[in-house]
Amino acid sequence: MKIALIGVGNLGLSIAQGLVDQTNFDIEQLVLTKRNVSNLDGWKKHPHVLVTPSNIDAVRASDVIILCVQPSQINTILNEIKDELDEKRHVLISTITGRKISEIAEIVGNKIAIIRSMPNTAISVGESMTCISTNGTGKAKIGLAEEIFNAMGETLVIDESKMQAATVVCASGIAFWMRLIRATTQGAIQLGFDAPEAKHMATQACMGAATLLLESGNHPEEEIDKVTTPQGCTISGLNEMEHEGLSSALIKGLMKSYEKISQIMTDK
Ligand SMILES: NC(=O)C1=CN([C@@H]2O[C@H](COP(=O)(O)OP(=O)(O)OC[C@H]3O[C@@H](n4cnc5c(N)ncnc54)[C@H](OP(=O)(O)O)[C@@H]3O)[C@@H](O)[C@H]2O)C=CC1
Ligand SMILES: O=C(O)[C@@H]1CCC=N1
């Protein structure tokens, strides 16, 4: 597979790492682009990785084009590469928050297969929760997108109307969970552990909770009921957290994040 990652910043480099580490399919060539490539020298050690500031060269050399620039940057890219796109060869995969397939097609035309993909930065370690959507000409290529992103975590095909919510839950979600781990770490430090120990303990406990749910299929409250010994310390702490609005704060934050995407969608 010949893939181009257009605009390798935080997400693009996470995808690049996931791609070079995955073993589900062969990568004949992976082209990484950004305007300032000075921080990409380390990628040249990979046998099939090319680095270039030229998006046009990247498109000409690739079959799958994954767009990873900021929402405000996408139209410049699309206008730059549109004449290089071949509907018989290219698949355009957009990770751009708030940019609809129809908006992309307005620039590149509706003969190109266009797919939206919403991964998260855990894709770099093969543990992304990636939501994918498409319509029209993209439907024939949804399997290819699933193959690519299933090699770096889990995927879920959703209606494009749900992509805004998926962004908040799964992509921004990494930051939300990181903040919860950080807060637990701060508590552990207050209770006497040094920072590295505290972070390790909080992170492994989080991994344990997630793995319990993934492997048991149980509802979180079923697992909580196994921990909350009557009159024990856990239920005391959990109820105090709820008195302080833990669940409500997280839900309100998800809604605020969703609202922000609505603003991003109107900003052009
Ligand atoms: N970060 C995340 O966890 C997630 C991000 N997203 C989406 O991914 C996209 C990228 O986000 P993120 O990685 O955080 O942003 P970054 O700013 O980290 O990355 C954007 C990259 O695009 C490059 N770029 C900008 N203009 C051009 C251009 N004309 N040609 C080539 N490269 C260009 C920039 O490098 P340079 O300035 O050198 O050109 C930069 O490295 C956004 O649309 C975001 O909504 C989606 C899911 C998760
Ligand atoms: O914060 C953002 O806008 C992007 C989309 C999800 C993660 N990062």
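This section reports on the structure supplied with the text. If you're wondering where the values come from, they're calculated on a predicted model, not measured in any experiment.

**Some details on the pattern of salt bridges**
Oppositely charged side chains can form a pair if their charged atoms are brought close together. The tally for this structure, following the rule as stated, stands at seven salt bridges. Its salt-bridge partner being Arg116, residue Glu160 comes within 3.0 Å of it at the nearest N-O pair. Of the two residues, Glu160 sits in the loop between β8 (153–157) and α6 (163–171) while Arg116 sits in strand β6 (residues 113–118), which places them 44 residues apart along the sequence. Look at Arg116 and you get buried, because its relative accessible area is 5%. The partner of Lys256 in a salt bridge is Glu259, with the nearest N and O atoms 3.6 Å apart. With a gap of three residues between them, Lys256 and Glu259 both fall in helix α11 (residues 246–266), about one helical turn apart. Using a relative accessible area of 45% as the deciding quantity, one classes Glu259 as partly exposed.

**Structural notes on unusual backbone geometry**
Although it is not a glycine, Gln231 sits at a positive phi angle of roughly 60°. Structurally, the position occupied by Gln231 is in the loop between α9 (220–227) and α10 (233–243).

**Description of the packing of helix α7 (residues 173–190) against helix α8 (residues 195–216)**
Contact pair α7 / α8: the axes reach a minimum separation of 8 Å and the direction vectors enclose 135°. As summarised for this structure, α7 and α8 are arranged oblique, according to the angle between their axes. You can see that α7 and α8 cross each other, and the crossing is right-handed. Residue-level inspection shows Ile181, Thr184, Thr185, Ala188 and Ile189 of α7 in contact with α8, the latter providing Ala195, Ala198, Lys199, Ala202, Thr203 and Cys206. Class assignment of the residues belonging to the contact of α7 with α8 gives a composition of seven nonpolar, three polar and one charged.

Analysis parameters
- Residues numbered from 1 in each chain as written.
- Chains lettered and ligands numbered in written order.
- Predicted model: local features only at pLDDT ≥ 70, side-chain atom pairs only at ≥ 80, totals over all residues.
- Heavy atoms only, no water.
- Salt bridge = Lys/Arg side-chain N within 4 Å of Asp/Glu carboxyl O.
- Helix = DSSP H or I, 4+ residues; strand = E, 2+ residues; numbered from the N terminus.
- Buried < 20%, exposed > 50% of the residue type's maximum accessible area, 1.4 Å probe, protein only.
- Axes fitted to C-alpha atoms, helices over the stretch in contact; angles between N-to-C directions.
- Parallel < 35°, antiparallel > 145°, perpendicular 65-115°, else oblique.
- Left-handed = near helix turned anticlockwise from the far one by under 90°.
- Contact = heavy atoms within 4.5 Å.
- Nonpolar A, V, L, I, M, F, W, Y, C, P; charged D, E, K, R; others polar.

Treat this as a map of the structure, not an account of what it does.
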